[in-house]
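Listed below are the residues making up each chain.
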Amino acid sequence: MTDTGEPGLRASVEAILLVVDEPIDVVTLAQVLERSRGEITDVLEILRDEYARPGRGFELREVGGGWRFYTHASCAPVVERFVLDGQQAKLTQAALETLAVVAYRQPVSRARVSAVRGVNCDGVMRTLIARGLVADAGVDSESGAYLYSTTPYFLERLGMASIDELPPLAPYLPDADSIEERDTENA
């Protein structure tokens, strides 16, 4: 505690991190705490290093453009048992495949996702949107089709800071030309 009775910067950052529902960025923390971005970044990095010590059940990570506490990977089985308590909230195989196509091809239209998968994906896309993993990303200027991309929540759930951290799978997905050739041959 400082002389004014207010908590110090470190305690303030920790308190905010404990109540955020999604990763919080350095700029927001700096504004709320009326400190420089550099000071906030320094505190976050110190905290991250401290929480990375062996024996901790949680860690501080930078993901999805911000910082948030996460349970340590070694505690995942215990936390999963607690949270799920026998319930399964997994995505179907179709949803996982559709999400992968969106992640690697974004921004992408539903028609393009359906073409890559070879089946209609409208229902699956609605599920992914409802779960907050995929969102509207505008309209294709040529076709007028709605485009979709993954969300910051998607990055958060995968523990990634950006989509660039996805494994290099894109070379194995068919490109637009081969899809059009296949569609032309089948017509």
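A quick note: this is a predicted structure, and the numbers were derived from the prediction, not measured. (Residues numbered from 1 in each chain as written. Predicted model: local features only at pLDDT ≥ 70, side-chain atom pairs only at ≥ 80, totals over all residues. Heavy atoms only, no water.)

Visitor: Run through the overall build of the protein chain, naming residues and quoting values.
Guide: Summing up its helical and strand segments, the protein chain has nine helices and five strands in all. Long-range pairs, those at least 24 residues apart, make up 48% of the contacts in the protein chain with a sequence separation of at least 6. Per element, the accessible surface of the protein chain, about 11900 Å² overall, is 52% carbon and sulfur. (Helix = DSSP H or I, 4+ residues; strand = E, 2+ residues; numbered from the N terminus. Contact = heavy atoms within 4.5 Å. Areas by Shrake-Rupley, 256 points an atom, 1.4 Å probe, with all protein chains shown as cover.)

Visitor: A description of the nonpolar core should follow, citing residues and the corresponding values.
Guide: The biggest cluster of nonpolar side chains holds 20 residues, and the ones touching the most others in it are Leu99, Val102, Val113, Met125, Leu128, Val134 and Phe154. At six residues, helix H5 (residues 93-105) tops the list of elements feeding residues into this core. Residues in contact with methionine 125, not counting those within four places in the same chain, are Thr98, Val102, Arg110, Val134 and Tyr148. In this structure, Leu9, Val13, Ile24 and Leu47 belong to the second largest nonpolar core, which totals 17 residues. (Core = buried A, V, L, I, M, F, W, Y, C linked by side-chain atoms within 4.5 Å. Buried < 20%, exposed > 50% of the residue type's maximum accessible area, 1.4 Å probe, protein only.)

Visitor: Could you give an account of the packing of helix H2 (residues 26-33) against helix H3 (residues 37-51), with specific residues and numbers?
Guide: Two elements in contact, H2 and H3, have axes whose closest approach is 9 Å; the angle formed by their N-to-C orientations is 110°. Relative to H3, H2 is oriented roughly perpendicular. Seen from above, H2 lies across H3 with right-handed handedness. Contacts between H2 and H3 involve Val26, Val27, Leu29, Ala30 and Leu33 from the former and Arg37, Ile40, Thr41 and Leu44 from the latter. Its residues assigned to classes, the contact of H2 with H3 comprises seven nonpolar, one polar and one charged. (Axes fitted to C-alpha atoms, helices over the stretch in contact; angles between N-to-C directions. Parallel < 35°, antiparallel > 145°, perpendicular 65-115°, else oblique. Left-handed = near helix turned anticlockwise from the far one by under 90°. Nonpolar A, V, L, I, M, F, W, Y, C, P; charged D, E, K, R; others polar.)

Visitor: Go over unusual backbone geometry, please, and point to the residues and values.
Guide: Residue proline 107 follows glutamine 106 across a cis peptide bond; omega there is -10°. Along the chain, the position of proline 107 falls in the loop between H5 and strand E3 (108-109). With phi around 55°, glutamate 34 is a residue other than glycine that occupies positive phi space.

Visitor: Outline the packing of H5 against helix H6 (residues 110-117), listing residues and values.
Guide: Where H5 contacts H6, the two axes come as close as 10 Å, and the packing angle between them is 120°. Where H5 crosses over H6, the two elements pack in a sense that is right-handed. Taking contact as the criterion, the partners of Ala94, Glu97, Thr98, Val101 and Val102 in H5 are, on H6, Val113, Val116 and Arg117. Tallied by class, residues from the contact of H5 with H6 come to five nonpolar, one polar and two charged.

Visitor: Just give me the short version of the packing of aromatic side chains, but keep the residues and values in it.
Guide: A complete count under the given rule lists three aromatic pairs for this structure. Note on tyrosine 51 and phenylalanine 58: the rings are 4.9 Å apart at their centroids and 50° apart in plane angle, and the pair reads as tilted. Under the relative-accessibility criterion, tyrosine 51 is labelled buried at 4%. Summarising the aromatic geometry, the rings of phenylalanine 58 and phenylalanine 69 are spaced 5.4 Å apart at their centres and angled 90° between planes, so their arrangement reads as edge-to-face. Of the two residues, phenylalanine 58 sits in strand E1 (residues 58-63) while phenylalanine 69 sits in strand E2 (residues 66-71), which places them 11 residues apart along the sequence. Every member of this aromatic cluster is reached through a ring pair, and the members are Tyr51, Phe58 and Phe69. We note arginine 68 situated over the ring of tyrosine 70; from NZ or CZ to the ring centre the distance is 5.4 Å. (Phe/Tyr/Trp six-rings, centres within 6.5 Å; stacked < 30°, edge-to-face > 60°. Lys NZ or Arg CZ within 6 Å of the ring centre and 35° of its normal.)

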